[in-house]
Amino acid sequence: LYSEKRHDEKFLKNYTTGFDQFLPYLLGTQDGQVKDAKWASAICGVPAETIRELARTMAGGRTQIIGGWCVQRMHHGEQYAWMLVVLAAMLGQIGLPGGGFGFSWHYNGAGTITSAGPIMSGFSSVV
């Protein structure tokens, strides 16, 4: 998003704080490792071009990034949640219908429009 200038600079400037402190990490100025698609590919096994295309797709339309809390129980597990929010902020869609980020929607019924919506077996209704 950043190297192809697909991030929302106006949103970052007007609605967030600290992106200027995040950039040295992203650009690798502190540790010599740019955090780009090639770097991510080596960690997760997804081809770098697939990661780039996903970023382009997310920046090209309304995107809500959804995560769960289970990975936060791992060593440094809280870091993914912070990066998910940074990514959503870079897209600039936080607060827009269908955009932004959310966690554990499957538990709190955020995808259910009304309490008359479908209820998954084993989960209580949202009243």
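Quick caveat, the model's predicted, so the values are computed rather than measured.

### What to know about the environment of Ala 55
Item 1. With respect to the secondary-structure elements, Ala 55 resides in helix α4 (residues 48-60).
Item 2. Using a relative accessible area of 16% as the deciding quantity, one classes Ala 55 as buried.
Item 3. Taking the C-alpha atoms as reference, Ala 55 lies 9.9 Å from Tyr 2; in sequence the two are 53 residues apart.

### Re the nonpolar core
Item 1. Core analysis: the largest hydrophobic core is formed by 17 residues, its most contacted members being Leu 1, Leu 12, Phe 19, Ile 65, Met 90 and Leu 91.
Item 2. Secondary-structure elements contributing two or more residues to this core are α1 (9-15), α2 (19-27), α4 and α5 (78-91).
Item 3. Broken down by element, this core gets its largest block of residues, 6 residues, from α5.
Item 4. Ignoring anything within four residues of it in the chain, the contact list for Leu 12 reads His 7, Phe 19, Ala 89 and Met 90.

### Quick notes on the environment of Leu 26
Item 1. Mapped onto the elements of the fold, Leu 26 is located in helix α2.
Item 2. Since its relative accessible area comes to 13%, Leu 26 is described here as buried.
Item 3. Each C-alpha atom of the pair Leu 26 and Tyr 2 lies 8.9 Å from the other, and the pair is 24 residues apart in sequence.
Item 4. Beyond its immediate stretch of four places on either side in the chain, Leu 26 contacts Tyr 2, Val 34 and Lys 35.

### What about unusual backbone geometry?
Item 1. Here Lys 5, not a glycine, exhibits a phi torsion of approximately 55°, which is positive.
Item 2. Looking at the element boundaries, Lys 5 is found in the segment before α1.
Item 3. Lys 5 gets classed as exposed once you look at its relative accessible area, which sits at 65%.

### Focus: a nonpolar patch on the surface
Item 1. On the surface, a cluster of nonpolar side chains totalling about 320 Å² of accessible area is made up of Tyr 25, Trp 82 and Met 83.
Item 2. Looking at where Tyr 25 falls in the secondary structure, it is placed in helix α2.
Item 3. Classification of Tyr 25 as partly exposed rests on a relative accessible area of 34%.

### Some thoughts on the layout of surface pockets
Item 1. Reported here for the largest pocket is a volume of approximately 1100 Å³.
Item 2. Taken together, 31 residues line the largest pocket, and the ones lying closest to its centre are Lys 35, Asp 36, Ala 37, Ala 40 and Ile 51.
Item 3. Those elements that place two or more of their residues in the lining of the largest pocket are α2, α3 (37-44), α4 and α5.
Item 4. The biggest single contributor to the lining of the largest pocket is α4, with 7 residues.
Item 5. For the lining of the largest pocket, a count of residues per class yields 23 nonpolar, 2 polar and 6 charged.

Cut-offs used in this document
- Residues numbered from 1 in each chain as written.
- Predicted model: local features only at pLDDT ≥ 70, side-chain atom pairs only at ≥ 80, totals over all residues.
- Heavy atoms only, no water.
- Helix = DSSP H or I, 4+ residues; strand = E, 2+ residues; numbered from the N terminus.
- Buried < 20%, exposed > 50% of the residue type's maximum accessible area, 1.4 Å probe, protein only.
- Core = buried A, V, L, I, M, F, W, Y, C linked by side-chain atoms within 4.5 Å.
- Contact = heavy atoms within 4.5 Å.
- Patch = residues over 30% accessible without salt bridge, like charges linked within 9 Å, V, L, I, M, F, W, Y side chains within 5 Å.
- Areas by Shrake-Rupley, 256 points an atom, 1.4 Å probe, with all protein chains shown as cover.
- Salt bridge = Lys/Arg side-chain N within 4 Å of Asp/Glu carboxyl O.
- 1 Å grid on protein atoms, 1.4 Å probe; cavity = no way out; pocket = protein on both sides within 12 Å on 5 of 7 lines; lining within 4 Å.
- Points joined across faces, edges and corners; volume = space filled by probe spheres on them.
- Nonpolar A, V, L, I, M, F, W, Y, C, P; charged D, E, K, R; others polar.

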